[in-house]
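Listed below, chain by chain, are the residues.
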Amino acid sequence: MKKFIIKNAMALVALAIATGSYTLMSFKPALETQEFGREIPNPSQPDQFNWVPLEGLEEGVDYDCNASDEICKEAFESHQIDPLTNAPYPNETPVSSTPGSFDM
Amino acid sequence: MKTKRYIVTLISIALLLLWIPASLDKLVYFQAFKTGILRQPFSDALGQILIYTLPLLEIIAAICIVSGRFRLVGFGLSSLLMAAFTGYIGIALLGAWEKLPCGCGSVISGMNWTQHFWFNLFFLASSIWGYYLQRGLHRNSDSGLVAVEGLSAKRQHTNIFTNILNFIR
């Protein structure tokens, strides 16, 4: 045993280094949870999200969005703001102004 | 001779402490390493080659250093790799590129470019020193073998000569 250890001392040192560094790496937070320096909320933590589903919102069914609806209002506003610059999107010209007309 | 062996062992352990975590980090966080390499200011074609060759060369260097027979090759490979890394950082520090993203592993991710340069320079010097010491040890062991062989050949020659003399008598 002692002879084996002396003969393979360098290999055992390498093995110890590999095991140690791998263990240390497992403590390192995964890079996938970070994006542009911001922590992405963890869905497993219930405090960070409100998972209460909307009434009348089901998969495959269009939600009837009214202008007075608080959620629709928020969604509409968030769609008008560029998330990268926090500036409103420039006004887009509508493709067709007259209902039923056909623009080329 | 004994001191040289101790120094070679210490340099070997230091290089193993460098190459093993560095290569493991690249393999475990391969996607992050790949992104880091592709963000560097060289062509994507070269980046694609480096993505696979760098971890492989680092593993080969570590295996060669562990093996007593190929330790000289390991020191040589370590010197070449460290020379390439140090040269690259040196060019970056001279201001060849406006902004250079760091694709550093977990071990040295906290360093800035100047600290990284000195760190690499230390390991480059260690690798070169280890190479020359190991080469000296190889030469000594080789010349030792020649001496033993020469002695036995001389003895053999003397024996043959004595046998011939005895035969004539």
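It should be emphasised that the depicted structure is a prediction, and the values quoted were computed from it without experimental measurement.

Let's talk about the interface of chain A and chain B
Moving on, step 1. At the interface, 11 residues of chain A touch 16 residues of chain B.
Moving on, step 2. At the junction of chain A and chain B, the tally comes to 0 salt bridges.
Moving on, step 3. Joining chain A to chain B, the criterion identifies 1 residue pair in polar contact (both at pLDDT 80 or more).
Moving on, step 4. Within the side of chain A that touches chain B, the residues separate by chemical class into 9 nonpolar, 1 polar and 1 charged.

Focus: the packing of aromatic side chains
Residue and element names in this part refer to chain B.
Moving on, step 1. Summed over the entire model, instances satisfying the criterion amount to 8 aromatic pairs over all chains.
Moving on, step 2. Measuring from centroid to centroid gives 6.3 Å for Phe 30 and Phe 33, while their planes differ by 50°, and the two rings are tilted. With a gap of 3 residues between them, Phe 30 and Phe 33 both fall in helix α2 (residues 30-38), about one helical turn apart.
Moving on, step 3. Its relative accessible area of 24% is what places Phe 30 among the partly exposed residues.
Moving on, step 4. Exposure remark for Phe 33: the relative accessible area of 9% places this residue in the buried category.
Moving on, step 5. Relative to Tyr 132, the ring of Tyr 131 lies with its centre 5.7 Å away and its plane at 90°, an arrangement referred to as edge-to-face.
Moving on, step 6. The exposure class assigned to Tyr 131 is partly exposed, which follows from its relative accessible area of 25%.
Moving on, step 7. One aromatic cluster is present, formed by Phe 30, Phe 33 and Tyr 52 through successive ring pairs.

Describing the UniProt feature "transmembrane region" (unreviewed entry) in chain B
Residues and elements named next belong to chain B.
Moving on, step 1. Using the residue numbers shown here, the UniProt feature "transmembrane region" (unreviewed entry) corresponds to residues 48-66, 73-97 and 117-133.
Moving on, step 2. This span, residues 73-97, is 84% helix and 0% strand, and a straight line between its end C-alpha atoms measures 33 Å.
Moving on, step 3. A helix fraction of 100% and a strand fraction of 0% characterise residues 117-133, whose end C-alpha atoms lie 24 Å from each other.

Conventions used here
- Residues numbered from 1 in each chain as written.
- Chains lettered and ligands numbered in written order.
- Predicted model: local features only at pLDDT ≥ 70, side-chain atom pairs only at ≥ 80, totals over all residues.
- Heavy atoms only, no water.
- Contact = heavy atoms within 4.5 Å.
- Salt bridge = Lys/Arg side-chain N within 4 Å of Asp/Glu carboxyl O.
- Polar contact = N/O pair within 3.5 Å; in protein donor to acceptor, adjacent residues only side chain to side chain.
- Nonpolar A, V, L, I, M, F, W, Y, C, P; charged D, E, K, R; others polar.
- Phe/Tyr/Trp six-rings, centres within 6.5 Å; stacked < 30°, edge-to-face > 60°.
- Helix = DSSP H or I, 4+ residues; strand = E, 2+ residues; numbered from the N terminus.
- Buried < 20%, exposed > 50% of the residue type's maximum accessible area, 1.4 Å probe, protein only.
- UniProt positions renumbered as here; feature names shortened; annotations may be inferred.

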